[in-house]
Amino acid sequence: MSRVGEIVESSTKGFVARSPRIGQSPSFGCFVRTDSKPVVYGLVYEIITESRDPGRKPDPYGKSMEELKREQPEIFELLKTEFRSLTIAYSEKENIRFSLPPIPPHIHYFVYECTREEVELLSSEDFFLRTIISSPNVPVDDLIISSLRHAQDARQFDKDYLVRMGKSLARFFKDDYERLSSVLRRLV
Amino acid sequence: MIEEKKGLEEHSLEKISLSLSELKLRSKKWEELSQKVKLSKTSWLLAGVLGPLDNTYFLPIRPQTCTVIASDGSQIFPNRHEALPCYLINIGSAVLHYGEEGKAKLNSYPKFFYKDEDRLVIWDGRRIPADSSVISERRALMEFQELLRLADENKNLGNTVAICDGTLIFWRLEGTPSDFKNEIIQPFISVMDRLKDLRIPIAGYISFPGSTDVINTLRVGLCPEEVSYCNRCPYTDLPELPCSPIEGVTDRMLFSRVLSKPGERSSVFQSSSKILDLYGDHKIYFFYLNIGEEIARVEIPKWVANDKELLDLTHTVIFDQARKGSGYPVALSEAHEQAVVKSRDRDFFFDLIREGLVRSDFRVTVSRKGLSKRIPRI
């Protein structure tokens, strides 16, 4: 299991984690977990690289990445990459519960990418899609598409899975046919 | 007012042109001027002349791989209106490696001073509370010691240059008693000894310098006396002294005419500050450098000035640093960023101390002035 970040901001509905390296983070829509108790599972919905100091702004140098690393190495010390994660479930006594945790993970706990088995388990039902749809401030449709791709990758040969999830989406979107068709077209 | 300013500007341009022609004239017979400077007794600092004054040197090629170490400091001075007479010195540092393995290390080390030996200073045999000038000198020493620590850490890298913000000359110590002078100078000399052993050149970078050492030397050249002795100047009855026509010009103004291309540096001159008598082998020399945006003054110890390899390395690395930092060495600005203590930090610092004291059941007394600043009334 690879460690992908350390929590620097935490709330019931989600957390922000700092990546160990600039520009590296779990990809958008990726399933992640914490090593806190309870273990909290989430979906990465935003990745930000910016200045560490709010008073300083990055400036364009007109150099390639190699040149910058060779000749302006300090700038990489002054940047940070963080990712935001939307909480979709937590574990309690070996069971996964698809609701918000009683207590959010503490700051400084580590974040890991979920294993294939964990992704399969977390995405076996459509609860995570419902969480996404009901969350304000997340790019809902794109997060649905990306998380479903990750879920599908984890199961490899399950052709019926997408059909099942597509039916769920049809239910969630009710009569918004345009939106449903846009999501489905972009998914396959 | 603007008309007046215009007039002054024109007058000053004339003076600069005059000093430039004087520089060229004296360069031809620099040995003569050098000798006169050595014998003269003036009230100003004179630049020791070691060769033609108007020589310029092209920018050497910077080695592909090099390392720059820099430090800078800031402090929270003791405040007698606060609960405890303590202070804090924060030393920021930057180590920048350039080349294939480019990387950077930025750090800061705050140090808290509260014990008697920190708060008091031995001044002419007596122990007196350390004031802001004492703390500033201690801070400057700590900056040099931090440079040495970084130099030791990076001693195997080669092509390493240490730079600090401002002068290498502790000229403020000149009027202080010898016990305090020694407290600062002795450890500083040890730092210089070690850097010399490591062959890591150290340079003090002065942006927009106001110094007039070279101009003063040219004024000695203008003095009709065989040996200038300002205290016995025989020309004080004249409407204008023979050395006055270039008075008011700074070295920076002069060298902005001499150093035409970015990257060019001037000849190396020797500083004549009195305090340098205590520097032993590390007498300070300096040169001016056209960094494009301005003319900077770079101070170096004698062993750097006399070693062409180290001098060239310092020249090229400092220019490159200034280029990268849009006119100010990037390693210095990063070290400064690490060091800076904002007023918010200062308030937080004293809040912490008060809290700590209260928690330990100490009676906390702050002055009424201190209190009134904290709780302003309408």
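Structure's up top.
Right, let's walk through the structure included here. Since the model is a prediction, treat every value here as computed from it, not as a measurement. (Residues numbered from 1 in each chain as written. Chains lettered and ligands numbered in written order. Predicted model: local features only at pLDDT ≥ 70, side-chain atom pairs only at ≥ 80, totals over all residues. Heavy atoms only, no water.)

**Quick word on the overall build of chain B**
Note the following rule: Strands here mean DSSP runs of E at least two residues long; helices mean DSSP runs of H or I at least four residues long; both are numbered from the N terminus. Buried means the residue's accessible area, taken with a 1.4 Å probe over protein chains only, is under 20% of the maximum for its type, while exposed means over 50%, and partly exposed covers the values in between. Between two residues, a contact is recorded if the distance between any of their heavy atoms is within 4.5 Å. Where accessible areas are quoted, they stem from the Shrake-Rupley method and a 1.4 Å probe; at the residue level, only the protein chains shown are allowed to cover. For the charge count, each Lys or Arg is scored as positive and each Asp or Glu as negative, with His and the chain ends excluded. The location of each charge is read from NZ of Lys, CZ of Arg, CG of Asp or CD of Glu.
When its secondary structure is counted, chain B shows 12 helices and 12 strands. Viewed in the frame of its principal axes, chain B has a C-alpha envelope of about 75 × 60 × 45 Å. Evaluated residue by residue, chain B yields a buried proportion of 49% over its 378 residues. Intrachain contacts of chain B at a sequence separation of at least 6 include 74% that bridge at least 24 residues. About 19400 Å² of surface is accessible on chain B, with carbon and sulfur atoms providing 52% of the total. Taking the average location of the 52 positive side-chain charges in chain B and that of its 53 negative ones, the two points are 3 Å from each other.

**Points about the overall build of chain A**
If you tally the helices and strands in chain A, you get six helices and seven strands. What you see in chain A, going N to C, is helices and strands ordered as β-β-β-β-α-β-β-β-α-α-α-α-α. By its C-alpha atoms, chain A is 55 × 40 × 30 Å across when sized along the principal axes. Across the 188 residues that make up chain A, the buried fraction comes to 45%. In chain A, of all internal contacts separated by at least 6 residues, the share reaching a separation of at least 24 is 70%. Surface accessibility of chain A: about 10700 Å² in total, with carbon and sulfur atoms responsible for 50%. Within chain A, one finds 28 positive and 29 negative side-chain charges whose respective centroids are separated by 2 Å.

**Considerations on the packing of helix α4 (residues 132–153) of chain B against helix α5 (residues 178–198) of chain B**
Residues and elements named next belong to chain B. Under the convention used in this document: What counts as an axis is a line fitted to C-alpha atoms, over the stretch in contact for a helix, and the angles between N-to-C directions run from 0 to 180 degrees. Angle categories: roughly parallel below 35 degrees, roughly antiparallel above 145, roughly perpendicular from 65 to 115, and oblique for all the rest. Rotating anticlockwise by less than a right angle from the far helix to the near helix defines a left-handed crossing, while the corresponding clockwise rotation defines a right-handed one.
Relative to each other, α4 and α5 sit at 20°, their axes nearing to 10 Å. With respect to their mutual orientation, α4 and α5 come out roughly parallel. In this structure, α4 meets α5 at a crossing whose hand is left-handed. Contacts between α4 and α5 involve Val134, Glu137, Arg138, Leu141, Phe144, Gln145, Leu148, Ala151 and Asp152 on the former and, on the latter, Phe180, Glu183, Ile184, Pro187, Phe188, Val191, Arg194, Leu195 and Leu198.

**Remarks on the packing of aromatic side chains**
For clarity, the cut-off: Geometry of aromatic contacts follows a simple scheme: Phe, Tyr and Trp rings, the Trp one being its six-membered ring, pair when their centres are within 6.5 Å, and the pair is stacked under 30 degrees between planes, edge-to-face over 60, tilted otherwise. For a ring to carry a charge above it, either NZ of a lysine or CZ of an arginine must fall within 6 Å of the ring centroid while also lying within 35 degrees of the normal to the ring plane.
Scanning the entire structure with this criterion turns up 16 aromatic pairs over all chains. Measuring from ring centre to ring centre gives 5.7 Å for Phe286(B) and Tyr288(B), while their planes differ by 80°; the resulting arrangement is edge-to-face. Each member of the pair, Phe286(B) as well as Tyr288(B), carries the same accessibility label: buried. Feature note: the residues Phe112(B), Tyr114(B), Phe349(B) and Phe350(B) constitute an aromatic cluster, connected by ring pairs. Lying over the aromatic face of Phe110(A), Arg3(A) brings its terminal NZ or CZ to 3.5 Å of the ring centre. Its end group placed over the ring of Phe287(B), Arg265(B) keeps NZ or CZ at 5.5 Å from the ring centre.

**Thoughts on the nonpolar core**
What counts is decided by this rule: Take the buried residues of types Ala, Val, Leu, Ile, Met, Phe, Trp, Tyr and Cys, join any two whose side-chain atoms come within 4.5 Å, and each joined set is a nonpolar core.
Formed by 74 residues in total, the largest nonpolar core has its most connected members in Phe144(B), Ile163(B), Phe170(B), Ile202(B), Tyr279(B) and Ile300(B). A per-element tally of this core places α4(B) first, with 10 residues. Once residues lying within four places of it in the same chain are set aside, the contact partners of Ile300(B) are Leu168(B), Ile202(B), Ala203(B), Lys283(B), Ile284(B), Tyr285(B), Phe287(B), Ala305(B), Leu311(B) and Thr314(B). Among the nonpolar cores identified, the runner-up in size contains 30 residues, and Tyr41(A), Ile145(A), Leu148(A) and Phe173(A) belong to it.

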